[in-house]
Amino acid sequence: MMAAAPVAETNIELDITGMSCASCAARIEKKLNKLDGVSATVNYATEKAAVNVPSGYDPLALITTVEDAGYGATLPAPPKAGEEEAPATEKDLELETLRQRFIISAILAVPVILLAMIPALQFTNWQWLSLTLASPVIVWGAWPFHKVAWKNLRHGATTMDTLISIGTSAAFLWSLYALFFGTAGEPGMTHTFELTAHGMDGSANIYLEVAAGVTTFVLGGRYFEKKSKREAGAALRALMELGAKEVTVLRGDQEILIPIEDLRVGDQFIVRPGEKIATDGVITAGQSAVDQSMLTGESVPVEVGEGDSVTGATINANGRLTVRATRVGPDTQLAQMAKMVEDAQSGKADVQRLADKISGIFVPIVITIAVITLIGWMIAEGSWSMAFTAAVAVLIIACPCALGLATPTALLVGTGRGAQMGVLIKGPEVLESTRKVDTIVLDKTGTVTTGTMTVTDVVALKDRQELLSLAGAVENASEHPIARAVAQAANAEIGALPEVNDFSNEEGRGVRGMVEGSEVVVGKNEGVTLPAELAEAKTKLAGKTVMTVAVNGNAIGLIAVADTVKDTSAEAISQLKGLGLTPILLTGDNQSVADQIAGQVAIDQVIAEVLPADKAQVITDLQQQGKAVAMVGDGVNDAAALAQADLGLAMGTGTDVAIQAADITLVRGDLRGATDAIRLSRRTLGTIKGNLFWAFAYNVAAIPLAAFGMLNPMLAGAAMAFSSVFVVSNSLRLRGFTSVIRETASKEGASK
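The name an unreviewed UniProt entry assigns to the chain is Cation-transporting P-type ATPase B, from the organism Ancrocorticia populi. Per UniProt, the comment on the chain under Subcellular location (unreviewed entry) is "Cell membrane". Quoted verbatim from the Catalytic activity (unreviewed entry) field of the UniProt record, the comment on the chain reads "ATP + H2O = ADP + phosphate + H(+)".

In structure tokens, the structure reads:
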């Protein structure tokens, strides 16, 4: 019996709208996976669904399923020339709308809260001013919560939006009843402060400050959450923008400029000095040095010639090249790296806020308690006023005011303090990762080292000054990074350098020129015999780039250049070890160079000679060994690894792509900032958890009091306000966090 042929599959990506928390993503994912032959993953952070379906599957069925679950779904529009930024602009408009809603609500809510909580401000008919100011906040400001709550209710689900909507609506509707049908609307009305609900007239009190305050606080938290979430796709956009937009192709004997989208495999194209290489290909004519730092992070350009492969988005440093395209569009290394970043981000589990996790149980319990309270007091007292007052007290005391403040206030203070220290934290999801990290992987170039070539050794047979003068003069005529390092060192030590004539650059070998009547060659000088003294010195300089300086065919000395270790790296490694982290050096450089750098900063584990595309796999392998991995890098080649890591930290002196892919950015480019970032993140996370604990503990303790009529709704509002003050005060303690960089500077200053 023949085995059934495997069913061909295809991937479909959907843009999802209407999600308000991670549970929404889980609900959509569950609905899609119930369809025959469908395997779906929904990413709340990127607001996308990646769906595997049998070939020929109608995407409309997927869209309909998502819409039936109460959300929106569309197929991504294909990008058009000149319209790459349209989706981002649309999302920016959505974020700006939320920001305006928050600001306007805050402006209106502040006087309402002050009037209700400070009796001295309660002038005649103050309650009507409160109604005028609070109504737009509760109706318009809270509209997103009401809308989502109703949508979830229709599908039998509850979230924090449900509780926010019910709590604010109950407080508002009761206030309207008290104003228009009770005694709260009478001139001269003031809030009374009875401890319990027994024997009091609930229709004499309004709770507008509760409804307006809760709305404003939660809007603020939602705005800052969405702001950080909107940046999730920036790494991918930054990656794709690295590529060339136009390319000069050969059509017969003519050179024609065409859009990069029209380039095909097999086309021959021209790359002039200083231009980006349009796509992956093989050189068919010409020689040059290619700057691959945008993709690899490595500082030394690679010498290339006919037959060598080149990568799209790298830069041709000097010579003119003719290249035959071998991969275009989504098949290029750049596009594949972008896909790796996207996969790494999608595979990283979204950390749900504790409030969202508990709300699925908390919300229906609160509503049930309020209903039971209403019915119980009706049976016991036979008074609608007493029963409704107690039920409103339950809903008001349960309003997530402190919960809404718990995360954003700690996050704002923590991230604000971090910004002062040069540590940029993207959002609350990042903080959870810092708690469990036990291994930190460090990229070498630009992270542990300076990322620029520097002269480290000068070995002269006779005259050091003469050696530097001649070598510096010839190298001064070249634009190569190694040449600039030699020229700068010579200029700093000698001063003005002699003139050079008949200069030539021999790719991969070095430079030559006539200086003061002598032929000077600086480079590999493969045909020059080294005296024993220089040969022995060259052996000792293994791990560095060593150039022989020859005059008229005779070697007169050696110059070694290397990417030097940053002054603060060793101290930073020591501090990271002090946090319980195991440092690992990761680099594409050869093993001897990597071992030498690791030895200088006391790193015991080294992973060297790793291709750019394999760095993310190294992180994955470590994670599969049970390690929680942080990654520090600065190059485009680090972007996928930064996204794959449990915690990604990018040096602010590195590429934009690495910065966007990382969870934390170290603005100063000082590795000690990684210590600050982890310490501050852990402290902020602890503050958030403390805030959430006390916010929930307050609810757990106060809800029974309200249900048994032992809590005046006005007192419930005051208690809720107090819980908010406590949460804010606890968060403000983060302002006293001190940077290890500042502490080190203070100690050094005190010792002088």
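### Re helix H2 (residues 59-68)
Among the residues of H2, those classed as buried are Leu62, Ile63, Thr65 and Val66. One side of H2 carries all its buried residues, which in axial view fall inside an arc of 160°. Among the exposed residues of H2, those oriented more than 90 degrees off its buried face are Leu60 and Asp68.

### A word on the UniProt feature "transmembrane region" (unreviewed entry) in the chain
Here the UniProt-annotated "transmembrane region" (unreviewed entry) positions come out as residues 102-120, 126-143, 163-184, 204-224, 358-380, 386-413, 691-708 and 714-732. Along residues 102-120 one finds 84% helix and 0% strand; the C-alpha atoms at either end are 28 Å apart. Helix makes up 94% of residues 126-143 and strand 0%. Its end C-alpha atoms lie 25 Å apart.

### Side note on unusual backbone geometry
A positive phi angle, near 65°, is found at Asn125, a position not held by glycine. For Asn125, the position within the fold is in the loop between helix H3 (86-117) and helix H4 (126-141). Phi is positive for Asn552, close to 55°, though the residue is something other than glycine. With respect to the helices and strands, the residue Asn552 is situated in the loop between strand E20 (545-551) and strand E21 (554-565). Of the residues examined, Asn552 reaches a relative accessible area of 47% and is grouped as partly exposed.

### Focus: the pattern of salt bridges
Under the counting rule described, the total for this entry stands at 15 salt bridges. Residues Asp670 and Arg672 are paired through a salt bridge, measuring 2.8 Å at the closest nitrogen-oxygen approach. Each member of the pair, Asp670 together with Arg672, is buried. Where salt bridges share partners, they join Glu255, Arg272, Glu275 and Arg320 into one cluster.

### Things to note about helix H5 (residues 143-154)
With twelve residues, H5 should reach 16 Å at 1.5 Å per residue; the first-to-last C-alpha distance of 17 Å fits that figure. Buried within H5 we find Phe145, His146, Val148, Ala149, Lys151 and Asn152. A positive backbone phi angle near 70° is found at Gly156, which sits one or two residues after H5.

Reading guide: rules and limits
- Residues numbered from 1 in each chain as written.
- Predicted model: local features only at pLDDT ≥ 70, side-chain atom pairs only at ≥ 80, totals over all residues.
- Heavy atoms only, no water.
- UniProt positions renumbered as here; feature names shortened; annotations may be inferred.
- Buried < 20%, exposed > 50% of the residue type's maximum accessible area, 1.4 Å probe, protein only.
- Helix = DSSP H or I, 4+ residues; strand = E, 2+ residues; numbered from the N terminus.
- Arc of directions from axis to C-beta.
- Salt bridge = Lys/Arg side-chain N within 4 Å of Asp/Glu carboxyl O.
- Expected span 1.5 Å × (residues − 1).

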